Amino acid sequence: MVREEPCVVWSLDGFSKQDELLRTQRAISREQIIKLREVITPDADDPWMTYCYEVPLDVWTAVEEILQCGPADPCLDYQLSASAGD
């Protein structure tokens, strides 16, 4: 059973492979995070993906389909992140 959704804001973050600075950030909706849990398996104690999760390029096609975010930039490393919401 999935516990109640926390008050968070999710994002797809792209960090530079050269200097690890945040280069892109895209908001993720509740509906999208539910779909992304089928592509990137969260830890058992983190059903709402409040931890950070790496997004490997081998699942990018599914991520792009869910988020409609276009192709991955080969110069970036991607993560799903969550931060405190309002």
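Up top you'll find the structure we're talking about.
Here goes a summary of the coordinates provided. Residue positions are given per chain, counting from 1 as you read along its sequence in written order. This being a predicted model, a pLDDT of at least 70 is required before a residue's local features are given, and a value of 80 or more before pairs of side-chain atoms are given or counted; all residues contribute to the totals for chains, interfaces and linings. With hydrogens and water excluded, all non-hydrogen atoms of the structure serve as input to the side-chain values.

### Description of the sheet that holds strand 4 (residues 76–84)
Taken together, the four strands give an open sheet; going across it, the order is 2-1-4-3, and neighbouring strands pair in antiparallel fashion. Lying at the two open borders of the sheet, with one neighbouring strand each, are strand 2 (22–28) and strand 3 (53–54). Relative to strand 2, strand 1 (residues 8–16) runs antiparallel, the two sharing six bridges. For Trp10, the partnering residue across the bridge sits in strand 2 and is Ile28. Two strands are said to pair when DSSP picks up at least two bridges between them. By definition, any uninterrupted DSSP run of H or I lasting at least four residues is a helix, any uninterrupted run of E lasting at least two residues is a strand, and each is numbered from the N terminus.

### Side note on unusual backbone geometry
Look at Glu20: it is not a glycine, yet its phi comes out positive at around 60 degrees. Mapped onto the elements, Glu20 comes out in the loop between strand 1 and strand 2. What makes Glu20 exposed here is its relative accessible area of 65%. Phi angles above zero are rare outside glycine, and Met49 is one such case at about 55 degrees. Buried means the residue's accessible area, taken with a 1.4 Å probe over protein chains only, is under 20% of the maximum for its type, while exposed means over 50%, and partly exposed covers the values in between. Residue classification places Met49 among the buried residues on the basis of a relative accessible area of 1%.

### Let's talk about the pattern of salt bridges
Salt bridge criterion: a side-chain nitrogen from Lys or Arg within 4 Å of a carboxyl oxygen from Asp or Glu. Counted by the stated rule, this structure contains two salt bridges. For Lys17, the salt bridge goes to Asp77, with nearest N and O atoms at 3.9 Å. In this pair, Lys17 sits in the loop between strand 1 and strand 2 while Asp77 sits in strand 4, placing the two residues 60 residues apart along the sequence. Where Asp19 meets Arg23, a salt bridge forms, and the shortest distance between an N and an O atom there is 2.5 Å. With a relative accessible area of 37%, Asp19 lands in the partly exposed category.

### Structural notes on the environment of Glu54
Along the chain, Glu54 turns up in strand 3. Looking at Glu54, the relative accessible area reads 63%, which means it is exposed. Sequence separation of Glu54 and Glu31 is 23 residues, and the distance between their C-alpha atoms is 19 Å.

### Examining the nonpolar core
In this structure, Leu12, Ile28, Leu36, Ile40, Val55, Val63 and Leu80 are the most contacted members of the largest nonpolar core, which totals 19 residues. For this core, the secondary-structure elements that each account for two or more residues are strand 1, helix 1 (30–36), helix 2 (60–67) and strand 4. The element contributing the most residues to this core is helix 2, with four residues. Buried Ala, Val, Leu, Ile, Met, Phe, Trp, Tyr and Cys residues form a nonpolar core when they are joined through side-chain atoms within 4.5 Å.

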